[in-house]
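Analysis of the macromolecular model
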Amino acid sequence: MKPTVMLHVLISVSLITQGVAFLPSRTGITLPDTDYTLTDITVAGIVRVVAKYFEDSNPDRYSPGNLTGLDPLTPSSLFQVHYGDCASFDKFDGAIDTITNHNIRMARVFPNKAEWHFNGNQINAGHQKMMGIRKRILDVLTVGDENAPDYDVARINCGNFLHLAHSFYSNTNWIELNRFYATSIEGNPEVITPSRNLGINANLTFQECPSSVEVCRNCVGGSANVPESQDCSDNLHDTICIASGFRSGQDRPKTVSIPPKCSHGGINDWSRLMEATGGINKETSDPSLSPHHFLHQQAALTAIQATVDFFYHADTGLYNLIGEQKFRKLLNLDVGTSLTFVIDTTGSMSDEIQAVKDQTIELINTNSGTCLAAFKYVVVPFNDPEFGPAFVTADPQECIRYISGLTADGGGDCPEMANSGLELGIQNSLDGNKVYLYTDADDKDKEKLPTILALIEEKGVQVEYLLTGTCTSRRRRRALSTTTPSSSFLAIASKSGGTIYSTDDAGIRGLSRVIQGNIRASQATVLKMNVRNSTAPVEIPVDSTIQELLVSIIGPLDSTTVNIRNPQGAEGSPSILGADIFTSSAQQIVFSFNTTSQQTKGNWILKLQNVNPTSEYKITVSAKSLLDFTFDLMEVDQSGTAYPLEGLPVAGVKVLIQIKISSQDMISSISEIRLFDTSGRERLFSGAAEPIPGRTQGLYLANVTLPEQPFVVSILGVDSKGARFLRAQPAEVQVGAFKLEQVIGNNTIEELHQGSEGSLVFRVTNKGPADTMVIAVSVGANRGAVKLNVSVEQVLAATVEPLTMKLASGKTQEGVITVRAADTVPIGTTVKVTLTVSSNLSLAINILSVDVTVVEVPAIHLEIIDRTLPTCVVLDTGGNCTADQMTKDCHLHEWWVRIQATDETALAAILPDPEVGFSQSFVYEEFSLNGVTALYKAPCCCPKLNITVRDGNGNTASCGNDFYTPVAGKIEEPLCNGPIIDSIPPTCTILAVAGNCTADQMTTNCHLHEWWVRIQATDDTNLTEFLLEPQVGLSQSLEYEESSLQNVTALYKAPCCCPKLNVTVIDGNGNTASCGNDFYTQMVEKITEPVCNGPINIVDSNPPTCSVLDTGGGCTADQMSTNCHLHEWWVRIQATDETNLTEFLLEPQVGLSQSLEYEERSLQNVTALYKAPCCCPKLNITVRDGNGNTASCGEDFYTSMAGTTTEPICNGLIVYAGSSIVTGVVVGIVVGCCVLILILLIVAFVKLYKTRETSKEENSPQKSKEDPAEQVDSVM
């Protein structure tokens, strides 16, 4: 071990969130198309669950595989087959999104918590956390009938549970352990089943590895500084316990220990440099990120099956435990929508209440029995001070009976508790549906506004207000359309994309027809705009997926003419062209056209004539269509991973916008993403959207600079039949001048215990002019399975500090939310805590919300004190080894022994000596925590065996068999797995060759032409070495297709830069054979031989480029001379080349005080972020391409001050500012002594550890392995 490796534990490193488990998604990063992300795994698992459920519940309609075998199997393809074209799958898709987003959120919010990702050997802690979450899920879902649970809370917890489950298969040795076990019992190591107890039962199949058990060894070859250069395929010992790697920056740091701990590994994990070097994660197939990249596919497929089992296992799945109806509601499998009415029942509504009742009942009856029928009806009455409870049913007649019983009385003064009623309505609605609120008053409970805005953000509902009055002073004014609605109503309608209708009791009857039209064409919005003093035609493209088109125009229409021109050229009023008119008055017209026939496809034109020049007309065009989209604004963290933006987006900043198409099979392409102002008239941004490759379909990405004003999003594209389509999202996106975000790693409020408190640290950054921000925090209603007998504020109190922030432009300040749980708060209570930050300069409100749940105090798991020794006994033996059999042809004589090991608590390791090589076998016949039976077979070349059994507390026992010791004085001990007396040479043959390398292909662009050869080597006794010339480098690959003592088959692939290959095979007695392939020799006189793995011979006279993209920080003369280590600066460098970059050289080189992080890395482009203290005040980068051309760039703070200060020594001694020279000398002596003692201890540990390793190696079979040269910073 190098001493510098030890010093890494003394350095504080910032945690890069990429790589705590499978990566969250593909947004912002580059992965092979075949890789799986958390998004891919979650979506694939849930869709597979539902396909299997549909098959099982409809045996007369489906055979096994009819749905599960769909290609592609997506939410849209599954619903289309099962329900037909009438059904929308967007609610099912929304349930998947909620679960997926909360799976991903754990990687963003808790990257430093090892137990959330099964890092740091936190097996028991992670397992217990999963059991607690699963209990909360069941507590929520098993209460009452199918309408009682809060399914949103259950979905959030499902996402949290699945994050832990998926992390388990990515980060622990479960896959490797089960492959070892499967191989040991002569099973199939390619078929791994998920743990049947993980997160379910207290006892895991395998226990957590105690610290005394040696699980990992160093990866070999290459350099730990370049993870992809190392071979980690054999860095795990054969243990029978579960372990995981430690990851730098987490709350379970890796320390130097004997035995050494495992690392998570990958370029973002500094702990990989400590013994045991490398790591074991399987999060990607990229060797620079995942040391066990070769097991990524198997880990991902196991995680998918674990997702299926979580929902649908015959014994432990949610379906079996909660019943079919709740299972359907959890995943939103019923076709239809939720119909939600929030109704003011105060006395002043007495004139309107009957109209409201009549029209809601009419709506229910009109759609009942059709595919437009709601499958969930929600009614919430509100009064003052009472509101609720929410009435929820799936039975339309039950809903009608409830509404018929509503009466108007009470209320007292104006205003009323509208927002409290609305909160209940939104909570009980399906995601993406509309909520209708009837009232004749303003809202009394304005403090509920932040909670409602947070709920709208979470559930994506649209709120439609039907107002018959407002409050003026203490009196109400009725049916006055000129009155200004409450500011809360305006904010809610704007945020949700809803509409505020002002009417009277007669108008309510007309508006019910409008609602009916909305229901019929509520699947997609085509466009939404406000027109003022304009008669310009409005173009409406009707694509092949639109079955009905609905047009709503609100404004002074008494003298305005509405004309329509259809694709056939016919023009006239809506009624003349055969429209279905829902309402037509002096204030609004709503009409629709059936567009199922081919003649109705194409461009429709809407014209308004004789408009009132001082008035505004609101035009909304929606459609009955399965083609729609959703979007997320994404920000990229320092690792390049993209996550949904927190809080209000900041005007003028660059973000990613991710578009998700509901039905990818319905479109050909997206040509444009457009951002419009809230009127829909002014285009603020237009840009191309690129498809995101990978397993999850229908995702597109665009880079956007956010406008300086609120905006709406629309997309333009071509459908699968070549028709142009247009879609818009009606909800407005507000922008602000300041950013609000969580400080990652400082969140302890999401899980509270009775009588405890937690905190969340937030950060406000002012990107605009100097401002004073006002800060507040609120607690929403209880959403958990338990019922509270008191107000939620009495048992969960939230406070925030500070209450104001005065921030100059560009300045940042942090604050903290504290939530205190009373001793009496019931376990399972769940609330939404919402932080609001508002500006004094604008109306913008920035919101940050988290769900807080009261949970049980976790039990403390201590390592079991176990002083009872395990047992190891020989059950029986067979065969024999005489002196003669051990000296001549020992490989022809075999013996065997069957051993049994037991322990009262748990076995941790079974260690055979000598280790099992090619000539022996070790097969487990029984395998459990408390007992193992194994059969060992060996030739007489290995005439003795000692088995050491270790339990979880480090106690040991031994047993075995020995034929050699009795004859030790008569013969020389044979060398197990060593040379065998053998005069017959091995064979080496070419099985197949493909590809070719011409003279031209070898001289120009040789890296673009590939060839391969399949080679077979055999021997009668034993092969020992398989040597390649040239050795395998970065440009070639060697894959063993079969590997045994007598037979090896391998596939070698190379570019024409490596045009020849010679393989030398050696057997145990030193006999050799050779074979290979050679394209170059026959052309030796025509061309110069290319250099394999050397510079690529490309015609390239253009030098590379090296440029500084941006810098941060600075170094003054004072900062360079005193306490230079306390001042940091950074620079982002980009190097490009038309052909291939080969070297990226830094001067000074990167030492312990600096860091270099590659943000992008390819043959043509490298982007890197360099950080250093002012002790290293300058940097020069030299870039070299494959043809030797160079370029340089960098940053230099020192040269301009060379005469005023002495240049500090980069990575040298730090000069501390102090008031006493004597104190400094004393401190220096003390520190020096401590460092000396530390180094002596390290050396002692290293010697002890190497002595153990040397002893093992002397008794282990000799293997021939390539040792690629250690690489410098290279981008080849």
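Counting from 1, residues in each chain are numbered in the order their sequence is written. Side-chain atom pairs in this predicted model are given and counted only at pLDDT of 80 or more, local residue features only at pLDDT of at least 70, and totals for whole chains, interfaces and linings cover all residues. The side-chain figures draw on all heavy atoms in the structure; neither hydrogens nor water molecules are used.

What to know about the overall build of the protein chain
- A run of H or I in DSSP becomes a helix once it reaches four residues, and a run of E becomes a strand once it reaches two; helices and strands are each numbered from the N terminus. Per the secondary structure count, the protein chain includes 20 helices and 56 strands.
- Taking all contacts inside the protein chain whose residues are at least 6 apart in sequence as the whole, residues at least 24 apart take part in 73%.
- Only carbon and sulfur atoms are counted for the fraction: they give 51% of the accessible area of the protein chain, which is about 52,900 Å². When checking whether two residues touch, look at their non-hydrogen atoms; a contact exists if any pair is within 4.5 Å. Here the open area of atoms and residues is found with the Shrake-Rupley method and a 1.4 Å probe, where only the protein chains shown may cover a residue.

What about the state of the cysteines?
- Throughout, a disulfide means two cysteine sulfur atoms within 2.5 Å of one another. Summed over all chains, the structure comprises 15 disulfides.
- With its sulfur 1.9 Å from that of its partner, Cys-942 forms a disulfide with Cys-976. Given an S-S torsion of about 85 degrees, the disulfide between Cys-942 and Cys-976 has right-handed geometry. Here Cys-942, found in the loop between strand S40 (931-939) and strand S41 (944-951), pairs with Cys-976, found in the loop between strand S42 (956-962) and strand S43 (987-995); they are 34 residues apart in sequence, far enough to count as distant.

Side note on unusual backbone geometry
- For the bond running from Asp-71 to Pro-72, omega is 0 degrees, close enough to zero to count as cis.
- Turning to its location among the elements, Pro-72 is positioned in the loop between helix H2 (38-57) and helix H3 (75-83).
- Residues Glu-1029 and Pro-1030 are joined by a peptide bond in cis, for which omega reads 5 degrees.
- Along the chain, Pro-1030 falls in the loop between strand S45 (1023-1029) and strand S46 (1037-1043).
- You will see that Asn-121, though not glycine, has its phi angle at about 60 degrees, which is positive.
- With respect to the helices and strands, Asn-121 occurs in the loop between helix H4 (90-109) and helix H5 (123-141).
- Positive phi is not limited to glycine here, since Asn-332 has a value of about 55 degrees.
- Summarising the element assignment, Asn-332 is placed in the loop between helix H10 (324-330) and strand S1 (338-344).

Digging into the side chain of Thr-853
- Along the chain, Thr-853 falls in strand S35 (residues 845-854).
- Type-normalised accessible area, obtained with a 1.4 Å probe on protein chains alone, sets the label of each residue: buried when under 20%, exposed when over 50%, and partly exposed for intermediate values. For Thr-853, a relative accessible area of 8% puts it in the buried group.
- Setting aside residues no more than four positions away along its own chain, Thr-853 makes contact with Arg-136, Glu-750, Glu-751, Leu-752, Thr-829 and Thr-830.

Concerning the confidence of the model for the protein chain
- Residue-level confidence of the predictor is summarised by pLDDT, bounded by 0 at the bottom and 100 at the top. The predicted model of the protein chain has a mean per-residue pLDDT of 85, with 88% of residues at 70 or higher.
- Segment residues 473-482 is flagged for pLDDT under 50; beyond a separation of four residues in sequence, or across chains, it makes 26 contacts in the model.
- Across residues 1213-1231, where pLDDT falls below 50, the model places eight contacts with residues more than four positions away in sequence or in other chains.

Thoughts on the sheet that holds strand S18 (residues 629-636)
- Across the sheet, five strands lie side by side as S19-S18-S20-S24-S23; this open sheet has antiparallel pairing. The open sheet is flanked by strand S19 (642-644) and strand S23 (690-691), the only strands paired with a single partner.
- Two elements, S23 and strand S24 (residues 699-705), share two bridges in a ladder whose sense is antiparallel. When the sheet's bridge partners are listed, Pro-691 is paired in S24 with Tyr-700.
- Axes here refer to lines fitted to C-alpha atoms; in helices the fit is confined to the stretch in contact. Angles between the N-to-C directions go from 0 to 180 degrees. The sheet contacts of H4 involve S18, S19 and strand S20 (654-661), and relative to S19 the element is tilted by about 120 degrees. Pairs of strands are assigned from DSSP output, requiring at least two bridges between the strands.

Notes on the side chain of Lys-739
- By the element assignment, Lys-739 lies in strand S27 (residues 738-747).
- By relative accessible area, Lys-739 is classed as buried at 14%.
- Polar contact is the term for a pair of N or O atoms within 3.5 Å; when the atoms are in protein, one must be able to donate a hydrogen and the other to accept it, and sequence-neighboring residues count only if both atoms are side-chain atoms. Here Glu-635 takes part through its side chain, which lies 2.8 Å from a polar atom of the side chain of Lys-739.

Observations concerning the sheet that holds strand S49 (residues 1072-1078)
- Taken in spatial order, the three strands line up as S45-S48-S49 in an open sheet, and their pairing is antiparallel. Every interior strand has two partners, whereas the edge strands, S45 and S49, have only one. Direction aside, the axes of adjacent strands within the sheet are offset by 15 degrees on average.
- Bridge analysis of S45 against strand S48 (residues 1060-1067) gives six bridges, and the strand direction is antiparallel. Paired with Leu-1027 across the strands is Thr-1064, a residue of S48.

Re the nonpolar core
- Among buried residues, those of type Ala, Val, Leu, Ile, Met, Phe, Trp, Tyr and Cys that are joined through side-chain atoms within 4.5 Å constitute a nonpolar core. Within the largest apolar cluster, 103 residues are counted, with the highest numbers of intra-cluster contacts made by Phe-92, Phe-311, Leu-318, Phe-327, Leu-331, Trp-895 and Ile-947.
- Excluding its chain neighbours within four sequence positions, the residues that come into contact with Phe-92 are Ile-46, Val-47, Val-50, Pro-75, Phe-79, Leu-331, Asn-332 and Leu-333.

Structural notes on the environment of Ala-493
- Within the element layout of this structure, Ala-493 appears in helix H15 (residues 487-496).
- In this structure Ala-493 comes out as buried when scored by relative accessible area, which is 7%.
- Taking C-alpha positions, Ala-493 is 7.3 Å from Gln-462, a pair spaced 31 residues apart along the chain.

Comments concerning H15
- Buried within H15 are the following residues: Ser-488, Phe-489, Ile-492, Ala-493, Ser-494 and Ser-496.
- Close packing links the buried residues of H15 with helix H13 (418-428), strand S4 (434-439), helix H14 (449-459), strand S5 (462-467), strand S8 (500-502) and strand S26 (724-733).
- One side-chain oxygen of the residue at the start of H15 lies 3.1 Å from the amide nitrogen of Ser-488, identifying that residue as Ser-486.
- Downstream of H15 by one or two residues, Gly-497 has phi in the positive range, about 80 degrees.

Looking at the pattern of salt bridges
- When a carboxyl oxygen of Asp or Glu is within 4 Å of a side-chain nitrogen of Lys or Arg, the pair counts as a salt bridge. A full pass over the atoms with the stated rule returns 47 salt bridges.
- Between Asp-56 and Lys-52 there is a salt bridge, with the nearest N and O atoms lying 2.9 Å from each other. One end of the pair, Asp-56, and the other, Lys-52, are both in helix H2, four residues apart, so they sit about a helical turn from each other.
- Assessed through its relative accessible area of 38%, Asp-56 is described here as partly exposed.
- Notably, a salt bridge pairs Asp-90 with Lys-91, separated by 3.1 Å at the nearest N-O pair.
- Taking the relative accessible area as the measure of exposure, Asp-90 reaches 33% and is therefore partly exposed.
- Exposure remark for Lys-91: the relative accessible area of 7% places this residue in the buried category.

Some remarks on helix H6 (residues 151-171)
- Working rule for helices: expected span equals 1.5 Å times residues minus one. Helix length check: H6 (21 residues) gives 30 Å between terminal C-alpha atoms against 30 Å at 1.5 Å per residue, within 8%.
- The element H6 is extensively covered by neighbouring structure, given that 21 of its 21 residues are classed as buried.
- With a side-chain oxygen lying 3.1 Å from the backbone nitrogen of Asp-152, the N-terminal cap of H6 falls on Asp-150.

A few points about the packing of H2 against helix H8 (residues 296-312)
- Direction vectors running N to C along H2 and H8 enclose 45 degrees, while the axes themselves pass 8 Å from each other. Between H2 and H8, the crossing angle belongs to the class labelled oblique. Taken as a pair, H2 and H8 cross one another with a handedness that is right-handed. Between H2 and H8, the contacting residues are Ile-41, Thr-42, Ala-44, Gly-45, Ile-46, Arg-48, Val-49, Lys-52, Tyr-53 and Asp-56 on the first element and Ala-300, Ala-303, Ile-304, Thr-307, Val-308, Phe-311 and Tyr-312 on the second.
- A class-by-class count of the residues in the contact of H2 with H8 yields 11 nonpolar, three polar and three charged. In these notes the angle categories are as follows: under 35 degrees is roughly parallel, over 145 is roughly antiparallel, 65 to 115 is roughly perpendicular, and the rest is oblique. For a crossing to be left-handed, the near helix must be turned anticlockwise from the far one by less than a right angle; the clockwise case is right-handed. Basically, the charged four are Asp, Glu, Lys and Arg, the nonpolar ten are Ala, Val, Leu, Ile, Met, Phe, Trp, Tyr, Cys and Pro, and anything else, Gly included, counts as polar.

Concerning the pairing of strand S55 (residues 1178-1185)
- In S55, alternate side chains face the same way, and those of Leu-1179, Ile-1181, Val-1183 and Asp-1185 are buried while those of Lys-1178, Asn-1180, Thr-1182 and Arg-1184 on the opposite face are not.
- In this sheet, S55 lies alongside strand S52 (residues 1141-1147) in antiparallel orientation, the contact comprising six bridges. When the bridges of S55 are listed, Glu-1147 appears paired with Asn-1180.

Regarding the environment of Leu-273
- Checked against the element boundaries, Leu-273 lands in the loop between helix H7 (174-184) and H8.
- The buried category is assigned to Leu-273, whose relative accessible area is 8%.
- For the pair Leu-273 and Ser-263, spaced 10 residues apart in sequence, the C-alpha separation works out to 8.8 Å.

Topic: the packing of aromatic side chains
- Ring pairs are drawn from Phe, Tyr and Trp, using the six-membered ring of Trp, whenever the two centres fall within 6.5 Å, and their geometry is named by plane angle: stacked under 30 degrees, edge-to-face over 60, tilted for the rest. Counted by the stated rule, this structure contains 35 aromatic pairs.
- With centroids separated by 5.8 Å and ring planes inclined at 50 degrees, the aromatic side chains of Phe-168 and Trp-174 adopt a geometry described as tilted. Each member of the pair Phe-168 and Trp-174 is classed as buried.
- Look at Phe-310 and Phe-311: their rings are 4.8 Å apart centre to centre, the planes differ by 70 degrees, and that puts the pair in the edge-to-face class.

Structural notes on the environment of Thr-393
- Looking at the element boundaries, Thr-393 is found in strand S3 (residues 391-393).
- Placed 248 residues apart in sequence, Thr-393 and Asp-145 show a C-alpha to C-alpha distance of 10.0 Å.
- Not counting the four nearest positions on each side in its chain, Thr-393 is found in contact with Asn-147, Phe-375, Lys-376, Tyr-377, Glu-398 and Cys-399.
- Polar side-chain contacts of Thr-393 include one of 3.5 Å to the side chain of Glu-398.

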